[in-house]
Amino acid sequence: MRLKADPVITGDTRRSEAPEFGVADLRVEYRLNPIGIGVRIPRFSWKLCGTGRGIRQAGYRLQVSEGDPQFRSPIWDSGEADGDRSVHVAYEGKALKSRQVYYCRVRARDSKGRESDWQNAVFETGILDYREWTAQWITFDPARRNLPAEALPLFRKAFEAKPPIRSARIYATALGIYELELNGRRLKDQLFAPGWTSYHHRLQTQTYDVTEHIRLGGNAIGITVADGWYKGRIGGHPRDFYGERRAALLELHLAYEDGSEQSVVTDCSWRTETGPIVMASLYDGETYDARLEKDGWSLPDYDDRNWLPVETIKRGKQMLLPQENVPTVIVRELKPERVLQSPTGETILDFGQNLTGWVSYTVTAEAGTLVELTHAEELDSAGNLYVDNLRSAKQTTSYICKGTGNERYEPRFSFQGFRYVKVRAYPGEAIPERFTAHVVSSDLEETGTFECSDPLVNRLQSNIVWGQRGNFLDVPTDCPQRDERLGYTGDAQVFVRTAAHNMNVAVFFAKWLKDLKADQLPNGGVPNTIPDTLPGWEMHSASGWGDAAVICPWTIYTCFGDSRVLDDQYDSMKAWVEFLRDSGEQEFLRNDGFQYGDWLALDAPAGSYTGATPRDLIATAFYAYSVSLLAKSARALGKEEDAALYEELFANVRDSFNQEFVTPSGRLASPTQTAHVLVLRFGLVEGPIRKQVEKSFIRLLEESDFKLTTGFLGTPYICPTLSDIGRNDLAYRLALSRRFPSWLYSVEQGATTIWEHWDGRKEDGSFWSADMNSFNHYAFGAIGEWFYRYVAGIDTDDAAPGFKHIRIKPLPSQGLTYAKATYQSMYGEIVSGWKLENGEMNMDVTVPPNTTATLDLPNALQDRVTEKGIRLGEAEGVKIVALHENRVTLDLESGIYQFRYQWGT
Ligand code: BGC
């Protein structure tokens, strides 16, 4: 959430003409003017902008003031700091207070001596210390009204406010999920609050700026609390996984112009009753009986004499913390593309896109009329709604009309994964205008685009992004439709890099990783889902799943230069690696514990989900990989001793791997695609043995006629590995193949998101199976990473993470005539686009200010290359650093470049 009004004058960048040099987009902990932050040492990031090439920051001045937009006596002034640091500059002033507005501003100098205007921003803290909460937990047991436990309670409280108000803030959270109303209006800032965390350890609290909603005189607050993840059905748990009692906790703080303050907090003076929602479940849907609405219940003059006093419960508050993640919001709205009549006579809306969210509609009918919507991803081959793959999730919303005419219903406490909606008992004609699909997702800024000359690949890219939208709902989930929707660690780690290109996922993962740490077992093992929904099970720490503990923080560090994530997670990363070292009988091999193996690989024996690659081979390979990333992380954090220790451990694990799984002549113990990919990708073989493994990998692909057999763990790496070993042509062949099994097979079959199975839907229209067949499972969408990093060639540099130094190495090949990726980095937009026409290569490259890039021009001869018509050696901002046989490597200063050359000759 951010401060609604922009109370400060931003710098020069608002002028209509571009400034010669300026600072823009000053952010606090990645966010613009955030409200309710809980970070005690916030970091500031800004972008430089201006004309010309080679913009580099030479220094900056950053100031923070407490409540004073004029900065008369800043509480922190960096002074004229030297250097090019413009991302994650940490606050160094005195301790921040709770519920306080802070103003900040920055100005920068560049290496040419230009100075920018000030760029201003504002941020506000939440309740930083749980001991400051004075509110009490309030609850209601529907049994007091002889109502079923599912009925949702409403809580209300009327109060008086006196004029004139300077600001009003609500701080709130719930055991369950909640929604607020103030004076009859829903606060729509956030859905599914307080989000999903490891509730026993961490419960987020939200901050709402409600200044505009407060009236002089009578006011009232209303809270609705639903089961959500806390009390509802989740994973295999029927109910009450975290606790039995739904409860709410809220404080409203009013600050008056005269300096006085007033607060309204949840306590025993609140009143409660059940409302129109008689059932709400994340998996099953919602039942709303409009006849039970309590009209005006959140208005001050509502007569609540028949309501009951709330119960208060004693519950610790140590787990309360200001919201870390971005809020969950409605990100898109879609109208049905078609209304179908199924062979069995059902009316089905087709939204043309598999999505996560819900459907609102208007209806006019007699009181008591029940309208029911059932959501599904697919139609069966006969054209009827296919619900078998939802397993036990009902995905059904029911609305019982009150009979007032033109009623509007929108569910809010359940989400569905669907493209098709069966409409039952809708009175009148179900015309598209009456229905709207609301797409619900974490409010992540979309930062990446990829497009190319193959329309099917463009659709695939769109499917990947839709898969991310649908599954990044406060936690990275496996799927949004069946009775799982859990934060599977394996799915998250294979997709994290692609995710980080598509959207700014830094705080999203930072929050989830803290839950991983909170739920980590005492021995360092990692639950297979985070938040942990399988506590106490033997089934934890699967290889390729638990490794998320290391792979995800490393990836966030690499893509966003966020060393704090690495630092915060370091103990957890280390604990995971030490768990791997300790488990089993051999220190340097992993051959025990619960394993999923190469999940859903096509070389799985009949009746199994686990591919043919031996589990211990996969487990040891991932062990080595995690150790290597931990060693790099230690190095990045300046923990030199640890770095040396883990480099040595990596060498030991690699040696053991070789002894166990590689013959002296370089044959792998397992002739599977996944085994070869992992060995090459994780650097487990070297020298002539590596060459041998590369050869046998290619032979394997040829022998299989280029049919993929890889599952969750092998698939993400296959194209990057081929490109890296000099067989980019084969990477293209696999990526562009339309033949089953391939990414584009699903696209040709009409997929609008990524399927869990290569053969989720077979060529004859039949389904793979009902029990494990999601059509919105992003894992195989990890191919997106290859499009960004290899086809368009935008890559990070471990030595200067967060795209401070960019490696741009596009790899064109047969099958595409152009490709282009853009990425909004922390420094600004990066572009890499190439077009090959009539033997001429045109390449567009943008390097944002305050960064540098190394660009590799493929198939180029130096003296044939021009940049905007100028010979390479003379082009501004360009330095030739290496000439290879058919490649030119350049160092680039920031700027917008256009290279042109004859391809290959
Ligand atoms: C999920 C997967 C997950 C797996 C673990 C499945 O049911 O949907 O995506 O990683 O279980 O095996």
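Residues numbered from 1 in each chain as written. Predicted model: local features only at pLDDT ≥ 70, side-chain atom pairs only at ≥ 80, totals over all residues. Heavy atoms only, no water.

## Things to note about the overall build of the protein
Within the protein, the regular secondary structure consists of 14 helices and 48 strands. Taking 905 residues into account, the globule formula puts the C-alpha radius of gyration at 29 Å, and the protein, at 28 Å, falls close to it. Its C-alpha atoms put the protein at 85 × 70 × 55 Å along the principal axes. When the 905 residues of the protein are sorted by exposure, 63% land in the buried category. In the protein, once contacts between residues fewer than 6 apart in sequence are set aside, the share between residues at least 24 apart is 75%. In the form shown here, the protein has an accessible surface area of approximately 32300 Å², with 47% of it arising from carbon and sulfur atoms. Within the protein, one finds 101 positive and 123 negative side-chain charges whose respective centroids are separated by 2 Å. (Helix = DSSP H or I, 4+ residues; strand = E, 2+ residues; numbered from the N terminus. Rg over C-alpha atoms; globule rule 2.2 N^0.38 Å. Buried < 20%, exposed > 50% of the residue type's maximum accessible area, 1.4 Å probe, protein only. Contact = heavy atoms within 4.5 Å. Areas by Shrake-Rupley, 256 points an atom, 1.4 Å probe, with all protein chains shown as cover. Lys, Arg positive; Asp, Glu negative; His and termini not counted. Charge placed at Lys NZ, Arg CZ, Asp CG, Glu CD.)

## A few points about the site of the ligand
All residues adjacent to the ligand are Asp478, Arg482, Glu484, Tyr488, Asp491, Trp545, Tyr596, Trp599, Phe712, Glu756, Met772 and His777. Arg482 is positioned such that a nitrogen or oxygen atom in its side chain is 2.6 Å from an oxygen atom of the ligand. Here an oxygen atom of the ligand sits 2.5 Å away from a polar atom, N or O, in the side chain of Glu484. Considering only residue class, the shell around the ligand consists of six nonpolar, one polar and five charged. (Near = heavy atom within 4 Å. Polar contact = N/O pair within 3.5 Å; in protein donor to acceptor, adjacent residues only side chain to side chain. Nonpolar A, V, L, I, M, F, W, Y, C, P; charged D, E, K, R; others polar.)

## A closer look at the packing of aromatic side chains
For the coordinates displayed, the defined rule picks out 57 aromatic pairs. Between the aromatic rings of Tyr897 and Phe899, the centroid separation amounts to 5.8 Å while the plane-to-plane angle is 10 degrees, which identifies the pairing as stacked. No difference in accessibility class separates Tyr897 from Phe899, as the two residues are buried. Geometry around Trp118 places Arg105 over its ring, the cationic atom sitting 4.1 Å from the centre. The ring of Tyr818 has Lys835 lying over it, and the distance from NZ or CZ to the ring centre is 5.5 Å. (Phe/Tyr/Trp six-rings, centres within 6.5 Å; stacked < 30°, edge-to-face > 60°. Lys NZ or Arg CZ within 6 Å of the ring centre and 35° of its normal.)

## Some remarks on the packing of helix H6 (residues 563-582) against helix H8 (residues 640-661)
In the contact formed by H6 and H8, the axes pass within 13 Å of each other and the chain directions differ by 30 degrees. On the basis of the axis angle, H6 is roughly parallel to H8. Considering how the two elements wind past one another, H6 and H8 form a crossing that is left-handed. Residue-level inspection shows Tyr570, Lys574, Val577, Glu578 and Arg581 of H6 in contact with H8, the latter providing Asp642, Leu645, Tyr646 and Leu649. For the contact of H6 with H8, the per-class residue count stands at five nonpolar, no polar and four charged. (Axes fitted to C-alpha atoms, helices over the stretch in contact; angles between N-to-C directions. Parallel < 35°, antiparallel > 145°, perpendicular 65-115°, else oblique. Left-handed = near helix turned anticlockwise from the far one by under 90°.)

## Focus on the pattern of salt bridges
Within the structure shown, the criterion is met by 76 salt bridges. With a shortest N-O distance of 2.9 Å, Glu867 and Arg53 are connected by a salt bridge. Of the two residues, Glu867 sits in strand E44 (residues 866-867) while Arg53 sits in the loop between strand E3 (43-50) and strand E4 (57-66), which places them 814 residues apart along the sequence. Both residues of the pair, Glu867 and Arg53, count as buried. The partner of Glu640 in a salt bridge is Arg635, and the shortest N-O contact between them spans 2.4 Å. (Salt bridge = Lys/Arg side-chain N within 4 Å of Asp/Glu carboxyl O.)

## Here we look at the side chain of Asp110
Here Asp110 shows up in strand E8 (residues 101-110). Take Asp110: its relative accessible area is 3%, and that puts it in the buried class. Sequence-distant contacts of Asp110, defined by excluding residues within four places in its chain, comprise Phe21, Arg56, Gln57 and Ala58.

## Re helix H11 (residues 715-724)
Within H11, nine of the 10 residues are buried, which leaves it mostly tucked inside the rest of the structure. Of all the positions in H11, only Thr715, Pro716, Tyr717, Ile718, Cys719, Pro720, Thr721, Leu722 and Ser723 are classed as buried. Phi turns positive one or two residues past the end of H11, at Gly726, with a value near 85 degrees.

## Details of the state of the cysteines
Applying the stated criterion across every chain, the model contains zero disulfides. Residue Cys479 stays outside any disulfide, its sulfur separated by 18 Å from that of Cys552, the closest cysteine. Cys552 supplies the cysteine sulfur nearest to Cys559, a cysteine that is in no disulfide, at a spacing of 11 Å. Exposure remark for Cys559: the relative accessible area of 1% places this residue in the buried category. (Disulfide = S-S within 2.5 Å.)

## Brief notes about the confidence of the model for the protein
Looking at the protein as a whole, its pLDDT mean stands at 95, while 98% of the residues score no less than 70. Below a pLDDT of 50 lies the segment residues 4-16, which in the model reaches 23 contacts outside its immediate sequence neighbourhood of four places, other chains included. (pLDDT = per-residue confidence, 0-100.)

## A short note on the sheet that holds E3
The pairing of strands in a sheet happens through backbone hydrogen bonds and is either parallel or antiparallel. Reading across the sheet, the three strands line up as E1-E3-E7 and stay open at both edges, with antiparallel pairing between neighbours. Two strands lie at the open edges of the sheet, namely strand E1 (21-28) and strand E7 (89-90), each paired on one side alone. (Pairing = 2+ DSSP bridges.)

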